[in-house]
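Here is what each chain is made of, one letter per residue.
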There are 2 protein chains.
Amino acid sequence: MRVTAILRKKLQQQKVDGILITDLLNVRYLTGFTGSSGYALITRKQAVFVTDFRYQEQSRQEVKGFRTKIECGERAGELKEMVEVLGVKKLGFEDHHVTFGFYKRLLQKKLRLKPLTGAVESLRIIKSPFELDCINRAIRRAERAFRKLQPSIKAGTTERKLALKLEELLKEEGCKTIPFGVIVASGFMSALPHARPTNRVIKKGDLIVFDWGGEYDGYYSDMTRTVAVSGKDIAKQREIYYIVLEAQRKAIEAVSAGIKATEVDAAARKYIKQQGHGENFGHGTGHGVGLAVHEKPYVSWRSKDLINENMVFTIEPGIYLPGFGGVRIEDMVVVKKDRAEVLTGLPKNFKII
Amino acid sequence: MRVTAILRKKLQQQKVDGILITDLLNVRYLTGFTGSSGYALITRKQAVFVTDFRYQEQSRQEVKGFRTKIECGERAGELKEMVEVLGVKKLGFEDHHVTFGFYKRLLQKKLRLKPLTGAVESLRIIKSPFELDCINRAIRRAERAFRKLQPSIKAGTTERKLALKLEELLKEEGCKTIPFGVIVASGFMSALPHARPTNRVIKKGDLIVFDWGGEYDGYYSDMTRTVAVSGKDIAKQREIYYIVLEAQRKAIEAVSAGIKATEVDAAARKYIKQQGHGENFGHGTGHGVGLAVHEKPYVSWRSKDLINENMVFTIEPGIYLPGFGGVRIEDMVVVKKDRAEVLTGLPKNFKII
């Protein structure tokens, strides 16, 4: 109930009597509910979770600290009634999640509304020891799966086969979902930061980018490793690999509680630019990971986020040379007082297979 | 380009000069883009697709009939500029998708906006021959996967093992994604319409509900079969099975172009009620399936949808007896002039294993 208490303080500051939580990850964070339909209403004194018939049984098992109500009619109408019963005069809502259409239906019910951006996200950005434990377990699952995949990585197989195999291994490790379809991008395809696996056959001299993640109790992990296939001259592959690795090291070193996220991004970006590849690193340096695989803080040149203790995010610079290939190396870190602790344990030496 | 032409007619009717398409499935439907960030802007004369750096290469391969633009700044600001260049005075937007927060940022840019609900969804609800072909292929993949699973269904295995195996088989059939985590619910768990697989061991006398779907080129299928495990008296299991099957038959028979979706729902519901199980069928009878696994038309007692030719939806009544178990049988149908054509081909006799 500690987070609910912080949220209630916000209600006072924002001069609203309650907040409607509709973003399902925020609902899960607060209530424990893992289903796909439901919302929470937190007032200064009450905490209600609302779902429908299908999730009656499940919510009974999962939801703690909230009174559960089963909705049977039209959502806006039932919400209006409940808000009146609870004595809420002004209701905050998640304006980054509520659609304009639903907002209008609420207005038609004569609800007094106030948009509150990121009220729950600002709590989620700081991870509790329980959450850190889940994230660590999600990392371990992803690492074990990758280790088991390694014997299959060789010239002659395809991106798709490797991706499928890695997804199966993740499931075998116990991941109920995976954060995103595993990326295996080889040869010229590895120059596409978000390539999806194709039937391309792995060849000698290829760079292969693996970008994947695991899950534990709803929490995700996210990591990237790039390997090279032997049998051809791979001097250039090695060269860009070590530039990316050094850029990553500099970004990790830059982390400290109290700095701006842009400073972490700049540390990696500046080095890559100095090495003449400024044009070939088009994405941000990292992003928060938790119940969502992309969440605050965002570590890029346009981020407004501040870095604080117990935030968890990725550090993943890359260099992408069109038509040739790319390298990306991604670890997850947790912020300590004056440094980053790297959570990802897989080795980062230039691996030639 | 036919759908773009219909959409342009709507622009005229709605007195707007363009429409902003942000829902990613709608974007995919119109442009062919399968990535996870981008939007489309369709004016009376132009069609522009906008994405970011990461999808430059991919959009080049996928997007047809649209001019592609790579965004590099803040979305609302760039959109404002583009809208001005294209001479759009009033812009329609998807109010069921655009968040209240983004709406406000667009207003701050002094854009004149008009909410348009379901402009693209009203096109998507009617399937083209190409889409029907994809859906049929998605069904065949799901059926082949289930047939391959059948030898593994027996007492002693667990729900989770069966679900994992079925997911692997779906991937092996070529499904790049699956519409939802495979449901395997056995014994008392089968009384939960949306149960997720657990480590529960399959026992003699169990009902087992399998609810799963396949994919082909972005289009989904969705089906449910319920089997019983021999070795105990299963008279009651058989009894409710045949009530559900007959309810399903009646709903399928009720389908005809021009009727209300509520009439299809009522056909199944009335029969289940007559048989004394009205309380044990709490969900709707079906839903449309296409690029989304749940889309229009919705076949329930509160639906406002009309049934028309070439709509595709599920018919999936169920009876759920708390503590005992449940039966659900789900087929997909396509609407012909005066009847439903059942697309799902798996047999529906009461299968005892």
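Bear in mind that the values here come from a model prediction, so they are computed numbers and not experimental data.

The next thing to look at is the interface of chain B and chain A. The interface is formed by 33 residues belonging to chain B together with 33 residues belonging to chain A. Summed over both sides, the interface between chain B and chain A buries roughly 2800 Å², with carbon and sulfur atoms accounting for 59% of that surface. The interface formed by chain B and chain A holds four salt bridges in total. As a salt-bridge pair, E167 of chain B and K171 of chain A come within 2.5 Å of each other at their nearest N and O atoms. Run the count over chain B and chain A and you get 14 residue pairs in polar contact (both at pLDDT 80 or more). Elements that contribute at least two residues to the side of chain B that touches chain A include exactly α3 (56-62), α5 (100-108) and α8 (159-172) of chain B. Per element, the largest residue contribution to the side of chain B that touches chain A is five residues, and it comes from α8 of chain B. Split into classes, the residues belonging to the side of chain B that touches chain A amount to eleven nonpolar, ten polar and twelve charged.

Moving on to the pattern of salt bridges. In total, this model carries 51 salt bridges over all chains according to the counting rule given. Between E84 of chain A and K80 of chain A there is a salt bridge, with the nearest N and O atoms lying 3.1 Å from each other. In this pair, E84 of chain A and K80 of chain A both sit in helix α4 (residues 75-85), four residues apart, roughly one turn of the helix. Exposure remark for E84 of chain A: the relative accessible area of 51% places this residue in the exposed category. One salt bridge connects R141 of chain B with E215 of chain B, and the closest N-O pair in it is separated by 4.0 Å. Of this pair, R141 of chain B sits in helix α7 (residues 129-149) while E215 of chain B sits in strand β9 (residues 215-216), placing them 74 residues apart in sequence. E215 of chain B gets classed as buried once you look at its relative accessible area, which sits at 5%.

Below, the discussion takes up the domain arrangement of chain A. Many structure descriptions define interface size as the accessible area lost when the parts assemble. All names here are of chain A. For chain A, the domain assignment lists domain 1 (2-124) and domain 2 (129-352). Summed over the shared surface of domain 1 and domain 2, the result is one salt bridge. One salt bridge connects E295 with R124, and the closest N-O pair in it is separated by 2.8 Å. Scanning the region where domain 1 abuts domain 2 turns up two residue pairs in polar contact (both at pLDDT 80 or more). Among the elements that make up the side of domain 1 that touches domain 2, the one with the highest residue count is helix α2 (residues 24-31) (three residues).

Another point: the sheet that holds strand β11 (residues 223-228) of chain B. Residue and element names in this part refer to chain B. An order of β7-β8-β11-β19 is seen for the four strands of this open sheet, with the pairing classed as mixed. Every other strand in the sheet has two partners, leaving β7 (183-186) and β19 (351-352) as the edge strands with one partner each. When strand β8 (residues 207-212) meets β11, the two strands line up antiparallel, connected through six bridges. If you follow F210 over to β11, its bridge partner there is R225. The sheet strands contacting α8 are β7 and β8, and the helix crosses β7 at an angle near 155°.

What counts, and where the lines are drawn
Residues numbered from 1 in each chain as written. Chains lettered and ligands numbered in written order. Predicted model: local features only at pLDDT ≥ 70, side-chain atom pairs only at ≥ 80, totals over all residues. Heavy atoms only, no water. Contact = heavy atoms within 4.5 Å. Buried area = accessible area lost by both parts, 1.4 Å probe. Salt bridge = Lys/Arg side-chain N within 4 Å of Asp/Glu carboxyl O. Polar contact = N/O pair within 3.5 Å; in protein donor to acceptor, adjacent residues only side chain to side chain. Helix = DSSP H or I, 4+ residues; strand = E, 2+ residues; numbered from the N terminus. Nonpolar A, V, L, I, M, F, W, Y, C, P; charged D, E, K, R; others polar. Buried < 20%, exposed > 50% of the residue type's maximum accessible area, 1.4 Å probe, protein only. Domains from an automatic or database assignment. Pairing = 2+ DSSP bridges. Axes fitted to C-alpha atoms, helices over the stretch in contact; angles between N-to-C directions.

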